[in-house]
Amino acid sequence: MTAKNAPDAILVAEQPIEDITANLTTPQQILAGGQMLFVAFGALVLMPLITGLDANVALFTAGFGTLLFHLVTKGQVPIFLASSFAFVAPIAYGVQTWGIPSTMSGLFVAGIVYMLMAYAVKQRGVDFIHRLLPPVVVGPVIMVIGLGLAPMAVNMALGRAGDGSMVLIEQNTALIISLSALVTTLLVSTMAKGVFKLVPIFAGVIVGYSLSFFFGVIDFAPIINAPWLSVPNFVAPEWNWHAILFMIPVAIAPAVEHVGDILAISNVTGKDFLKKPGLHRTLFGDGLATSASALLGGPPNTTYSEVTGAVMLTRNFNPKIMMWAAVIAICLAFVGKFGAILQTIPVAVMGGIMILLFGTIASVGLNALIRHQVDLSNARNLCIVSVTLIFGIGGMAFGFGAFSLQGVSLCGLVAIALNLLLPRVK
């Protein structure tokens, strides 16, 4: 957002909208919380499955992070935190290059960056974020995140490993499964009604998993061997400067998107959460949840657009419902067979859904440029967007002694630097 499009210039409903869940009994709140978790579930577990993290740990850290967020924001915002897809490519690269413990150190520091941004917002106001990270910077960086993941999605849809190094399912069989999952996700997201419209990923997984069972490509051994109850496979971080410098710039895009999520939930509920509890508190809550998750080996946790849509449809404005969703997620994390079922989802199923999912991320970045009317006939804007896209998608890498930057990390820093250094046309 530019300064003229800062949050104080965006219309937020001045009168609170009626909360139809305000007088629910505790059992009713628990049931509503389960529904919210069901909405967020598909994307919540897909992220760790893609990156090689433990799905049960992701469930635990999502619940724990949500409770931390509500503690920081004094239980005022109806939000459920879960895995951020902006971190998929960096985490996958980090796990492959340095291992999970080292990658967690980078994610821990990324959470610290969130908290520093929260302090800057508190000291200098919301406009500070928008001056540092206008749409001409954020848009192409988000596009790089989505487009950079395209080869992974296609490889998995064809039945291969994410890097294409290994064939896991015969290609024709994989295509039938992946395209069926993709088409189901498309149809549910565009044609379904009510709460079903909010679970297209979950629907795609069910159809893809059913076809995988029919073709006999599911290995049920993990389910049989898994205990009913078990402690999630928590992983402690190991300090690694390479992973830290690589991961820090990745926090830029989801931090900016957080502002949009808070604006959306403010308009849905008719309460200005930018003022109370304040953007600095919500952003700090995101950062604290992300760092806490990294300490346990889980993916970063941020505000979640799917839940915002569910709040809009069901008018569940009571933050206690989100807290119950968090408690349910924590309880499920200790069900060993539940995590084992998730691990049996074939790569073709995930690949089909990821085609839409990663394309959507790129479209969000494109929409940021369009919605804020970024003029690409302006040479300055064109230079920032062009260099950022090619650096990010092309895999440009800069080495500085023992450290190196590439991909999303590099293009994020380059976009910020170009925005600050290139002269502005009056």
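Parameters and conventions
- Numbering of residues starts from 1 in each chain and follows the order in which that chain's sequence is written.
- Only residues with pLDDT of 70 or above have their local features reported here, since the model is predicted, and side-chain atom pairs are shown and tallied only from 80 upward, although totals for entire chains, interfaces and linings are computed over all residues.
- The side-chain values count all of the structure's non-hydrogen atoms but skip hydrogen atoms and water molecules.
- Two distance rules govern patches: like charges are joined within 9 Å, and nonpolar side chains (Val, Leu, Ile, Met, Phe, Trp, Tyr) within 5 Å, applied only to residues with over 30% relative accessible area and no salt bridge.
- Method for areas: the Shrake-Rupley scheme with a 1.4 Å probe, in which residue coverage is limited to the protein chains shown.
- Criterion for a salt bridge: a side-chain nitrogen of Lys or Arg within 4 Å of a carboxyl oxygen of Asp or Glu.
- Each helix is a run of DSSP H or I of at least 4 residues and each strand a run of E of at least 2, with the numbering of both proceeding from the N terminus.
- Note on definitions: angles span 0 to 180 degrees between N-to-C directions of axes, and those axes are lines fitted to C-alpha atoms, for helices only across the stretch in contact.
- Here is the rule for angles: anything less than 35 degrees is roughly parallel, anything more than 145 is roughly antiparallel, 65 through 115 is roughly perpendicular, and the remaining ranges are oblique.
- Handedness of each helix crossing follows the sense of rotation of the near helix against the far helix: counterclockwise by less than a right angle gives left-handed, clockwise gives right-handed.
- When checking whether two residues touch, look at their non-hydrogen atoms; a contact exists if any pair is within 4.5 Å.
- Side-chain classes are defined by residue name, with Ala, Val, Leu, Ile, Met, Phe, Trp, Tyr, Cys and Pro counting as nonpolar, Asp, Glu, Lys and Arg as charged, and the others, Gly among them, as polar.
- Grouping buried Ala, Val, Leu, Ile, Met, Phe, Trp, Tyr and Cys residues that are joined through side-chain atoms within 4.5 Å yields what is termed a nonpolar core.
- Whether a residue is buried, partly exposed or exposed follows from its accessible area with a 1.4 Å probe, protein chains only, as a fraction of its type maximum: under 20%, in between, or over 50%, in that order.
- pLDDT is defined as a per-residue confidence score from the predictor, taking values between 0 and 100.
- The definition of a polar contact used here is a pair of N or O atoms within 3.5 Å, where within protein one atom must be able to donate a hydrogen and the other to accept one, and adjacent residues in sequence count solely through side-chain atom pairs.

## Focus on a nonpolar patch on the surface
Now for step 1: A grouping of Ile 176, Phe 214 and Phe 215 is seen on the molecular surface, where their side chains present a nonpolar patch of about 320 Å² in accessible area.
Now for step 2: Mapped onto the secondary structure, Phe 214 falls in helix H9 (residues 200-215).

## Re the packing of helix H4 (residues 100-124) against helix H13 (residues 274-296)
Now for step 1: In contact at an axis separation of 8 Å, H4 and H13 are set at 165° when each is read in the N-to-C sense. As judged from the angle between their axes, H4 and H13 are roughly antiparallel. Pair H4 / H13 crosses with left-handed handedness. Along its contact with H4, which presents Met 104, Leu 107, Phe 108, Gly 111, Ile 112, Tyr 114, Met 115, Met 117, Ala 118, Val 121 and Lys 122, the element H13 presents Leu 279, His 280, Leu 283, Phe 284, Asp 286, Gly 287, Leu 288, Thr 290, Ser 291, Ala 294 and Leu 295.
Now for step 2: Classifying every residue of the contact of H4 with H13 by side-chain character gives 15 nonpolar, five polar and two charged.

## Re the nonpolar core
Now for step 1: Residues Phe 80, Phe 85, Phe 87, Met 354 and Phe 358 are the most contacted members of the largest nonpolar core, which totals 114 residues.
Now for step 2: Considering every element that reaches this core, the biggest residue donor is helix H1 (residues 26-51), with eleven residues.

## Side note on unusual backbone geometry
Now for step 1: A cis amide bond links Lys 276 to the next residue, Pro 277, at an omega of 10°.
Now for step 2: Here Pro 277 is to be found in helix H13.
Now for step 3: At Lys 74, a residue that is not glycine, the phi angle is positive and equals roughly 60°.
Now for step 4: Examined against the element boundaries, Lys 74 turns out to sit in the loop between helix H2 (55-72) and strand S1 (82-83).
Now for step 5: Although it is not a glycine, Gln 373 sits at a positive phi angle of roughly 50°.

## Description of the confidence of the model for the protein chain
Now for step 1: Put simply, the protein chain has an average pLDDT of 85, and 90% of its residues get 70 or more.
Now for step 2: Contacts from residues 1-13, a stretch scored under 50 in pLDDT, to residues over four places away or in other chains number 30 contacts.

## Describing the side chain of His 258
Now for step 1: Locating His 258 in the fold gives a position in helix H12 (residues 252-269).
Now for step 2: By relative accessible area, which is 0% here, His 258 ends up buried.
Now for step 3: Among the polar contacts made by the side chain of His 258, one reaches the side chain of Asp 286 at a distance of 3.1 Å.
Now for step 4: When neighbours within four sequence positions are excluded, His 258 is seen to be in contact with Leu 279, Thr 282, Leu 283, Asp 286 and Thr 303.

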